[in-house]
Amino acid sequence: MPPPFQSHVFVCTNRRPDGNPKGCCASKGAEEVRAAFKAELDKRGVKGRMRANAAGCLDTCSFGVSVVVYPEGTWYGGVKVEDVPEIVEEHLMQGRPVARLVMPFARKEKAES
Ligand code: FES
């Protein structure tokens with residue numbers, strides 16, 4: 001099935017040089033997080049419906065590893081490999097975003113809407 005996907009996950013894998021004050025998601029394990037999303041989606045046989053892609057800087061560096069899920073536009077921060085099965089099961093499969101991982105600014109926006 002061609003895009004649009006039912007769920008499209010973007011994982012920032014941007015890398016900056018060591019010592020850069022902004023830091024980067026790559027130094028926090030972003031490639032491993034991306035690989036975990038791909039493996040989890042493969043395991044569930046949802047290829048063509050759900051997809052995980054590497055992304056450049058999502059401009060939320062201090063919250064990295066940064067992940068955004070569309071079409072909802074849910075922003076996750078501090079994502080670790082061990083969080084990936086929960087995001088896939090709860091959010092992508094069951095439609096319930098994982099509140100404890102939602103970035104603070106996104107929580108505020110959701111609360112006001
Ligand atoms: S480096 Fe990942 S959001 Fe900027």
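Analysis parameters
Residues numbered from 1 in each chain as written. Predicted model: local features only at pLDDT ≥ 70, side-chain atom pairs only at ≥ 80, totals over all residues. Pairing = 2+ DSSP bridges. Helix = DSSP H or I, 4+ residues; strand = E, 2+ residues; numbered from the N terminus. Axes fitted to C-alpha atoms, helices over the stretch in contact; angles between N-to-C directions. Buried ≥ 20, exposed ≤ 12 C-beta atoms within 10 Å, placed from the backbone. Arc of directions from axis to C-beta. Contact = placed C-beta atoms within 7 Å. Core = buried A, V, L, I, M, F, W, Y, C linked by C-beta atoms within 7 Å. Parallel < 35°, antiparallel > 145°, perpendicular 65-115°, else oblique. Left-handed = near helix turned anticlockwise from the far one by under 90°. Nonpolar A, V, L, I, M, F, W, Y, C, P; charged D, E, K, R; others polar. Expected span 1.5 Å × (residues − 1).

The name given to the chain in an unreviewed UniProt entry is (2Fe-2S) ferredoxin domain-containing protein.

A. Looking closely at the pairing of strand β1 (residues 7-12). Of the strand pairs in this sheet, β1 and strand β2 (residues 50-55) are connected by six bridges, and their pairing is parallel. Looking at β2, one finds that Val9 is bridged to Ala52. Bridge analysis of β1 against strand β3 (residues 67-70) gives four bridges, and the strand direction is antiparallel. Residue His8 lies in a different strand from β3, and its bridge partner there is Tyr70.

B. Geometry of the sheet that holds β1. Taken in spatial order, the four strands of this open sheet run β2-β1-β3-β4, and their pairing is mixed. Edge positions in the sheet fall to β2 and β4 (74-76), since each has one partner strand and no second. Taking the axes of each pair of neighbouring strands and ignoring which way they run, one obtains an average angle of 20° across the sheet.

C. Structural context of helix α2 (residues 84-93). For α2, the complete set of buried residues consists of Val84, Ile87, Val88, His91 and Leu92. Around the axis of α2, the buried residues are gathered within 110° of arc, so they sit on the same side. Looking at the buried residues of α2, the elements they touch are β1, α1 (30-44), β2, β3 and β4. Just beyond α2, the residue with positive phi is Gly95, at close to 75°.

D. Representation of the nonpolar core in the model. Counting 23 residues, the largest nonpolar core has Val11, Val33, Phe37, Val65 and Val67 as its most contacted members. Every element with two or more residues in this core is listed here: β1, α1, β2, β3, β4 and α2. Per element, the largest residue contribution to this core is five residues, and it comes from α1.

E. A look at the packing of α1 against α2. As a packed pair, α1 and α2 sit with axes 9 Å apart at the nearest point and diverge in direction by 45°. One way to sum up the angle between α1 and α2 is to call them oblique. α2 is crossed by α1, and the crossing has right-handed handedness. Residues Val33, Ala36, Phe37, Glu40, Leu41 and Arg44 of α1 lie in contact with α2, whose contacting residues are Val84, Pro85 and Val88. Its residues assigned to classes, the contact of α1 with α2 shows seven nonpolar, no polar and two charged.

F. Expanded view of α1. Helix length check: α1, at 15 residues, gives a terminal C-alpha distance of 21 Å against a target of 21 Å (1.5 Å per residue), a fit within 8%. Among the residues of α1, those classed as buried are Ala30, Val33, Arg34, Ala36, Phe37, Glu40 and Leu41. All buried residues of α1 lie within an arc of 160° about the axis, which places them on one face of the element. Exposed positions of α1 whose direction lies more than 90 degrees from the buried face are Asp42 and Lys43. Once α1 finishes, Gly45 follows within two positions and takes phi at roughly 65°, a positive value.

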